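Chain and residue survey
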Amino acid sequence: MILTSRSASDGESSRTNTPAGRAIATTSGDSLPNPKILIKGSYRDNVACRSTRCADRFIITLCHGPAALLAVGLDRDTSPLTGYESCAFPDALDTGANLDLGYIPGPMPWLLAEGLRAQGLVVVNEDMAGHVHRDRGLLTGESPLAADALGKLAATTLVEATKS
């Protein structure tokens, strides 16, 4: 996970390494994090995203990672990501083949694409074939098959963003 931030008071970016060696954003005082880039999803990431304007940030997620996007819409009438298009791991695999093969131990309590659609996101894939998609600052890939293409899309997008 990479999360960089700017402090509201001084405009400086800061990074801290967690014990797992992952970078997390820090800010001074009581100011809220203002993330510029979110990679992977975690509760901390979603708190940061919920406290800022998601539309002005890059969110890059893969496979079942878009489940982190659901937290952005919790306790709100409308998710700030309503209308965004996203790739996601296909529900059909989690209700069919993954269950039949024993990849997952039993029926899932909720399905990813179904949850995204319920919050107003548009899931653009139905299958798993390495799909990636960009909608504004939301970059998604539908499965590990999409990892290479998502990495290339993310690198190109972030380089372009630094030039503007």
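So, here's what we can say about the structure. Here the structure is a predicted model, which is why all the values come from computation and not from measurement.

Here the focus is the side chain of His 133. Mapped onto the secondary structure, His 133 falls in strand β8 (residues 132-135). Among the polar contacts listed, one links the side chain of His 133 to the side chain of Glu 85, at a separation of 2.8 Å. With residues near it in sequence (within four places) discarded, His 133 still touches Glu 85, Ser 86, Cys 87, Val 124, Leu 138, Leu 139, Thr 140 and Leu 153.

Okay, the nonpolar core next. Ranked by size, the top nonpolar core spans 15 residues in total, and within it Leu 69, Leu 81, Leu 116, Leu 121 and Leu 138 carry the most contacts. Contributing elements (two or more residues each) for this core: α2 (67-72) and α5 (112-118). Contacts of Leu 121, omitting those with residues within four sequence positions, involve Leu 69, Leu 81, Gly 83, Tyr 84, Ser 86, Leu 116 and Leu 138.

Turning our attention to the pattern of salt bridges. By the definition in use, this model includes four salt bridges. Across the pair Glu 160 and Arg 134 runs a salt bridge, and its minimum N-O distance is 4.0 Å. Taken as a pair, Glu 160 in helix α6 (residues 147-163) and Arg 134 in strand β8 lie far apart in primary sequence, 26 residues in all. Arg 136 serves as the salt-bridge partner of Asp 135, at 2.7 Å between the closest nitrogen and oxygen.

Let us now look at the environment of Ile 104. Mapped onto the fold, Ile 104 is located in the loop between α4 (97-100) and α5. Distance from Ile 104 to Asp 94, taken between C-alpha atoms, is 7.8 Å for residues ten residues apart in sequence. Apart from the residues within four sequence positions on either side, Ile 104 is in contact with Asp 94, Asn 98 and Leu 99.

Summed over the entire model, instances satisfying the criterion amount to zero aromatic pairs. A cation over an aromatic ring shows up here: Arg 136 above the ring of Tyr 84, its NZ or CZ 3.7 Å from the ring centre.

This next bit is on the environment of Thr 95. Relative to the helices and strands, Thr 95 is located in helix α3 (residues 91-95). Note: C-alpha distance between Thr 95 and Met 108 (13 residues apart in sequence) is 7.8 Å. Of note is the side chain of Thr 95, whose polar atom sits 3.3 Å from the backbone oxygen of Ala 92.

Right, let's talk about unusual backbone geometry for a bit. Within the chain, Cys 63 stands out as a residue other than glycine whose phi angle is a positive 60 degrees. Looking at the secondary structure, you find Cys 63 in the loop between β5 (58-62) and α2. Look at Asp 75: it is not a glycine, yet its phi comes out positive at around 60 degrees. Here Asp 75 shows up in the loop between α2 and β6 (85-86).

For α6, spanning 17 residues, the distance from its first C-alpha to its last is 25 Å, which sits close to the expected 24 Å at 1.5 Å a residue. On its buried face, α6 is in contact with β5, β8 and β9 (138-141).

The subject of this paragraph is the pairing of β9. Consecutive residues of a regular strand have side chains that alternate between opposite faces of the sheet. On β9, burial covers both faces: Leu 138 and Thr 140 on one face and Leu 139 and Gly 141 on the other are all buried. Pairing between β5 and β9: four bridges, direction parallel. By the bridge assignment for β9, Ile 59 is matched with Leu 138. In terms of strand pairing, β8 meets β9 through four bridges, oriented antiparallel. Of the residues in β9, the one forming a bridge with Arg 134 is Leu 139. Linking β8 back to β9 in an antiparallel pair, the connection comprises two residues, with Arg 136 at a positive phi of about 55 degrees.

Cut-offs applied
Residues numbered from 1 in each chain as written. Predicted model: local features only at pLDDT ≥ 70, side-chain atom pairs only at ≥ 80, totals over all residues. Heavy atoms only, no water. Helix = DSSP H or I, 4+ residues; strand = E, 2+ residues; numbered from the N terminus. Polar contact = N/O pair within 3.5 Å; in protein donor to acceptor, adjacent residues only side chain to side chain. Contact = heavy atoms within 4.5 Å. Core = buried A, V, L, I, M, F, W, Y, C linked by side-chain atoms within 4.5 Å. Buried < 20%, exposed > 50% of the residue type's maximum accessible area, 1.4 Å probe, protein only. Salt bridge = Lys/Arg side-chain N within 4 Å of Asp/Glu carboxyl O. Phe/Tyr/Trp six-rings, centres within 6.5 Å; stacked < 30°, edge-to-face > 60°. Lys NZ or Arg CZ within 6 Å of the ring centre and 35° of its normal. Expected span 1.5 Å × (residues − 1). Pairing = 2+ DSSP bridges.

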